[in-house]
Amino acid sequence: MPIPVPIAIGGAAGLGAAFVGWQSVWPGGRMWGRIYRHGDRTRRHYAITFDDGPTAGATERVLDVLGEAGVKATFFVIGRNVERWPDLVARMDREGHLVGNHSYDHWRYGACRHRRYWEAQVRRTDDAIIAVIGKRPAMFRPPLGVKTLYINGAATRTGHAVITWTQRARDGVRVITPETILSRIVPHTVGGDVLLLHDGAEPGRSRDASATVACIAPLVRQLRDKGLEPAPLDELLKLPAYQPAVTSFAAQ
Ligand SMILES: [Zn+2]
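Just so we're clear, the structure is a prediction, and the values are computed from it rather than from any experiment.

What follows deals with the overall build of the chain. Of the regular secondary structure elements, the chain holds nine helices and eight strands. Here the C-alpha radius of gyration of the chain, 19 Å, is about what a compact globule of 252 residues would show, namely 18 Å. The principal-axis extents of the C-alpha atoms in the chain amount to approximately 70 × 50 × 35 Å. Taken across its 252 residues, the chain has 51% of its residues classed as buried. Expressed as a percentage of contacts within the chain between residues at least 6 apart in sequence, the contacts between residues at least 24 apart total 77%. When the accessible area of the chain is evaluated, it comes to approximately 11,900 Å², of which 57% is carbon and sulfur surface.

Right, dumping it as structure tokens:
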């Protein structure tokens, strides 16, 4: 029996909406523009990234264990947190880590907002970072990994590559143990992967980073046993971490 036309049209529209939603939240979705999520799969390197910091009580502990392990990571920071804890961002840079842009407010419903909102989110965060380390990031990670026409457009118009990830700890959501993080990441990680962990919390929230802190050394060790070595994100993705010119948008 043929499908009635209104039902067929409704079904097609539903599938289309589902596809758009999937492309927006899947870290590999390229519908809204180019994204970068992994490096050369033939190499034996991976990169560690941390989102949502800096946050006092968590970021300094993460920096301590990264230093002990000799690992250079990338921190996608929230502008509001940068203004609250600038010393932690200065320490990231001083200790050889990279700083990327993760929006100013990390508002969970920000994906509904339009062009002007997102340009302000990206530029305010860049300016907060420049005020601390004197460098404008060239990498942007959208909050929750959600991509839209306006989010990707704002990031690329202001000189940023949009970065997602391939393996995530899911350590930013609820109480978790180091063993759970290791079991989520270690068996699945291959050369070129970008790992996502969390050193901080969205503005107005708090989180216990103990599991994240405790998992870093065994994570590096267990991946080394698989023949994988950590590498800075810019080297892994063959992208610049910072933009060449330092000009404050706020001054324009
Ligand atoms: Zn985030």
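Read on, since the account is not over.
In this structure, Ile48, Phe50 and Phe75 are the most contacted members of the largest nonpolar core, which totals 39 residues. No other element matches the seven residues that helix α8 (residues 210–225) contributes to this core. Apart from the residues within four sequence positions on either side, Phe75 is in contact with Phe50, Thr59, Val62, Leu63, Leu66, Met92, His97, Leu98, Val99, Gly100 and Asp199. Listed in part, the 13 residues of the second largest apolar core include Phe76, Met139, Trp165 and Val194.

What follows deals with the pairing of strand β1 (residues 45–51). Burial within β1 is extensive, with six of its seven residues counted as buried. Inspection of the sheet shows β1 paired to strand β8 (residues 229–230) by two bridges, in the parallel sense. When the sheet's bridge partners are listed, His45 is paired in β8 with Glu229. Examined bridge by bridge, β1 and strand β7 (residues 194–198) share five bridges and lie parallel to one another. Each bridged residue has a counterpart across the sheet, and for Phe50 the counterpart in β7 is Leu197. Two strands pair when backbone bridges link them, and β1 and strand β2 (residues 74–77) are joined in this way by three bridges, in the parallel orientation. Looking at β2, one finds that Asp51 is bridged to Phe76.

This paragraph deals with helix α5 (residues 115–133). Since one α-helical turn is 3.6 residues long, residues separated by three or four positions face the same way. When the terminal C-alpha atoms of α5 are compared, their 27 Å separation across 19 residues agrees well with the 27 Å that a helix rising 1.5 Å per residue should span. Among all positions of α5, only Tyr117, Trp118, Glu119, Gln121, Val122, Thr125, Asp126, Asp127, Ala128, Ile129, Ile130 and Ile133 are buried. Those residues of α5 that are buried are in contact with β2, α3 (79–84), α4 (86–94), β3 (98–101), β4 (139–140) and α6 (149–157). Remark: Gly134 follows α5 within two positions and exhibits a positive phi of approximately 75 degrees.

Moving on: the coordination of the zinc ion. For the zinc ion, the protein coordination sphere consists of Asp52 (OD), His102 (NE2) and His106 (NE2), at 2.1 Å. Mapping the donors of the zinc ion onto the primary sequence yields the spacing D-x49-H-x3-H. Of this pair, Asp52 sits in the loop between β1 and α2 (59–69) while His106 is found in the loop between β3 and α5, placing the two residues 54 residues apart along the sequence. A relative accessible area of 5% means that His106 is categorised as buried.

Close contact between helix α7 (residues 178–185) and α8 brings their axes to 8 Å; oriented N to C, the two are set at 40 degrees. The angle between the axes of α7 and α8 places the two elements in the oblique class. The interaxial crossing formed by α7 with α8 has right-handed handedness. For the pair formed by α7 and α8, the contact residues are Pro178, Ile181, Leu182 and Ile185 on the first element and Ala211, Thr212, Ala214, Cys215, Pro218, Leu219 and Gln222 on the second. Residues of the contact of α7 with α8, tallied by class, amount to nine nonpolar, two polar and no charged.

Following the criterion strictly, the structure yields four aromatic pairs and no others. For the pair Tyr117 and Trp118, a centre-to-centre distance of 5.3 Å together with 85 degrees between the ring planes defines the contact as edge-to-face. No difference in accessibility class separates Tyr117 from Trp118, as the two residues are buried. An aromatic cluster of at least three residues, connected via ring pairs, comprises Trp107, Tyr109, Tyr117 and Trp118. Looking at Arg124, its charged tip hangs above the ring of Tyr104, at a distance of 3.9 Å from the centre. Across from the ring centre of Tyr242, 4.7 Å away, lies the NZ or CZ of Lys135, which sits over that ring.

Reading guide: rules and limits
Residues numbered from 1 in each chain as written. Predicted model: local features only at pLDDT ≥ 70, side-chain atom pairs only at ≥ 80, totals over all residues. Heavy atoms only, no water. Helix = DSSP H or I, 4+ residues; strand = E, 2+ residues; numbered from the N terminus. Rg over C-alpha atoms; globule rule 2.2 N^0.38 Å. Buried < 20%, exposed > 50% of the residue type's maximum accessible area, 1.4 Å probe, protein only. Contact = heavy atoms within 4.5 Å. Areas by Shrake-Rupley, 256 points an atom, 1.4 Å probe, with all protein chains shown as cover. Core = buried A, V, L, I, M, F, W, Y, C linked by side-chain atoms within 4.5 Å. Pairing = 2+ DSSP bridges. Expected span 1.5 Å × (residues − 1). Donors = N, O, S within 2.8 Å, 3.2 Å for Na, K, Ca; no water. Axes fitted to C-alpha atoms, helices over the stretch in contact; angles between N-to-C directions. Parallel < 35°, antiparallel > 145°, perpendicular 65-115°, else oblique. Left-handed = near helix turned anticlockwise from the far one by under 90°. Nonpolar A, V, L, I, M, F, W, Y, C, P; charged D, E, K, R; others polar. Phe/Tyr/Trp six-rings, centres within 6.5 Å; stacked < 30°, edge-to-face > 60°. Lys NZ or Arg CZ within 6 Å of the ring centre and 35° of its normal.

These figures capture arrangement, not role.
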